[in-house]
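# Architecture and fold: a report
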Amino acid sequence: MDITLKSTLPGHQNPIFCVEKGYYKHTFFTAGNDKGVVEWDIEQNAFKRILCAVSSSVYALRLITGTPILAIALREGKLLFVHVEEQKLVASIQLSTKAIFALAYMSWKNELLAVGEEGTLYVIDLATYKSIYEKRISPTTIRAIAIDERLERIALGDKDGQVYMLDSADFHVITESKLHSMPATSLAFIHNKLLSGGRDAQLVISDPNQLTIHFSFVPHLFTVYGIYPHPEAPIFATVSRDKSLKFWSTADFALLKNMSREKMQDGHHLSVNAGAWSENGQYFFSVGDDKLVKVWEFENK
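Residues numbered from 1 in each chain as written. Predicted model: local features only at pLDDT ≥ 70, side-chain atom pairs only at ≥ 80, totals over all residues. Heavy atoms only, no water.

## A few points about the environment of Gln 44
Note the following rule: Each helix corresponds to a stretch of at least 4 residues labelled H or I by DSSP, and each strand to a stretch of at least 2 residues labelled E; elements are numbered beginning at the N terminus. Only protein chains enter the accessibility calculation, which uses a 1.4 Å probe. A residue is then buried if its area is under 20% of the maximum for its type, exposed if over 50%, and partly exposed in between.
Residue position: Gln 44 is located in the loop between strand S4 (36-41) and strand S5 (46-53). When its relative accessible area of 56% is taken as the criterion, Gln 44 is described as exposed. For Gln 44 and Arg 62, which are 18 residues apart along the polypeptide, the C-alpha to C-alpha distance reads 23 Å.

This is the structure we're talking about:
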């Protein structure tokens, strides 16, 4: 396995909070504390266009699988749905007056899930772009969400370090457990396990059925902001406030690559806030407080 830095893309004027793969094969999206959502061209290593203007910071982006629709979550509690091909706003929903921090898509129900500052789970029907259900899950902020399509379950992580497992059929809480001593900031299902990262700098591997901890380790010096399974290869990436991104084996959780500024001059020099794989897994995109976008090329030798 080899991962190299393909390009560093400047242009954002403020910290970048989220990144998402593109609708077109050689594009991707970024957004944060700027006035718009940006689309980039991987082949040209360059800015492509401002997809749309926004009225407040963007904390999450989600391309709806198999469609040209990009969901955009705003600090003001609003959800935007933009048609990428037509560059047109198709719907806007005011879910809350508080920030929406994370989005997830349930393909088998064609529903988008949103969570945020109020600790409430919102369910949006993507056939009508209407909010069809909401449920208070936590007494505090929920920053992380992950979906297991095989089990058809939803994991949520809150500011108290509590992780909740929900049934996607009726959204009841199956089980919950305090897996972190500080806020849970990232979640991912990998190989029948739930991985959770927190502000306590722990990566916890647990059983998704009982939320019992198998083991945990410290992958970064500070908060683990994201956990991203490769779409095909047996690896996953993590990003952190410690300015680094790392790549790990899903088989034994061995560290494969450390892309920190200490290891390479071209690494991020401030907090790495988010990452995303391209559709085919050839590229990994990382964004951070340094206002830079980095494109990493993956080669499975």
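## Some thoughts on the environment of Gly 198
Rules: Every residue pair with non-hydrogen atoms within 4.5 Å of one another is taken to be in contact.
Checked against the element boundaries, Gly 198 lands in strand S19 (residues 193-198). C-alpha of Gly 198 to C-alpha of Leu 63: the two residues are 135 residues apart in sequence and 25 Å apart in space. Sequence-distant contacts of Gly 198, that is, excluding residues within four places in its chain, are made with His 180, Pro 183, Ala 184, Thr 185, Thr 223 and Val 224.

## Remarks on the pairing of strand S15 (residues 153-158)
Counted only if it meets this: Two strands are counted as paired when DSSP detects at least two bridges linking them.
Most of S15 is tucked away, with six of its six residues classed as buried. The two faces of S15 match: Arg 153, Ala 155 and Gly 157 on one face and Ile 154, Leu 156 and Asp 158 on the other face are all buried. Where strand S14 (residues 142-148) meets S15, six bridges bridge the pair, whose relative direction is antiparallel. The residue of S15 that forms the bridge with Ile 145 is Leu 156. Taking the residues between adjacent antiparallel strands as the criterion, S14 and S15 are bridged by four residues, where Glu 152 takes a positive phi near 55 degrees. Of the pairings in the sheet, the one linking S15 to strand S16 (residues 162-167) comprises five bridges and is antiparallel in character. Residue pairing for S16: Ala 155 is matched across the bridge by Met 165. Hairpin connection, S15 to S16: the antiparallel pair is bridged by three residues, and Gly 161 has positive phi, about 85 degrees.

## Description of the sheet that holds strand S10 (residues 100-106)
Strand pairing in a sheet relies on backbone hydrogen bonds. The paired strands run either parallel or antiparallel. Threshold: Axes, fitted as lines to C-alpha atoms, cover a helix only where it is in contact. Angles between the N-to-C directions of the axes lie from 0 to 180 degrees.
Spatially, four strands are ordered S10-S11-S12-S13 in an open sheet, and the strand pairing comes out antiparallel. Each edge of the open sheet is held by one strand with a lone partner, namely S10 and strand S13 (130-136). Strand-to-strand, the axes of this sheet are offset by a mean angle of 20 degrees, without reference to chain direction. Where strand S11 (residues 111-116) lies against strand S12 (residues 120-125), five bridges are found, and the strand directions are antiparallel. Counterpart to Leu 113 in the pairing with S12 is Val 123.

## Side note on the pairing of S11
Within S11, six of the six residues are buried, leaving the element largely enclosed by the surrounding structure. Burial along S11 is two-sided: Glu 111, Leu 113 and Val 115 facing one way and Leu 112, Ala 114 and Gly 116 facing the other are all buried. Here S10 pairs with S11 via six bridges, running antiparallel. Bridge pairing links Tyr 105 to Leu 112 in S11. Counted between consecutive antiparallel strands, the loop separating S10 from S11 contains four residues, among which Asn 110 sits at a positive phi close to 50 degrees.

## A look at the sheet that holds S4
An order of S2-S3-S4-S5 is seen for the four strands of this open sheet, with the pairing classed as antiparallel. If you trace the sheet from one side to the other, it starts and ends with strand S2 (16-21) and S5, each paired once. Averaged over all neighbouring strand pairs, the angle between strand axes comes to 25 degrees, with direction disregarded.

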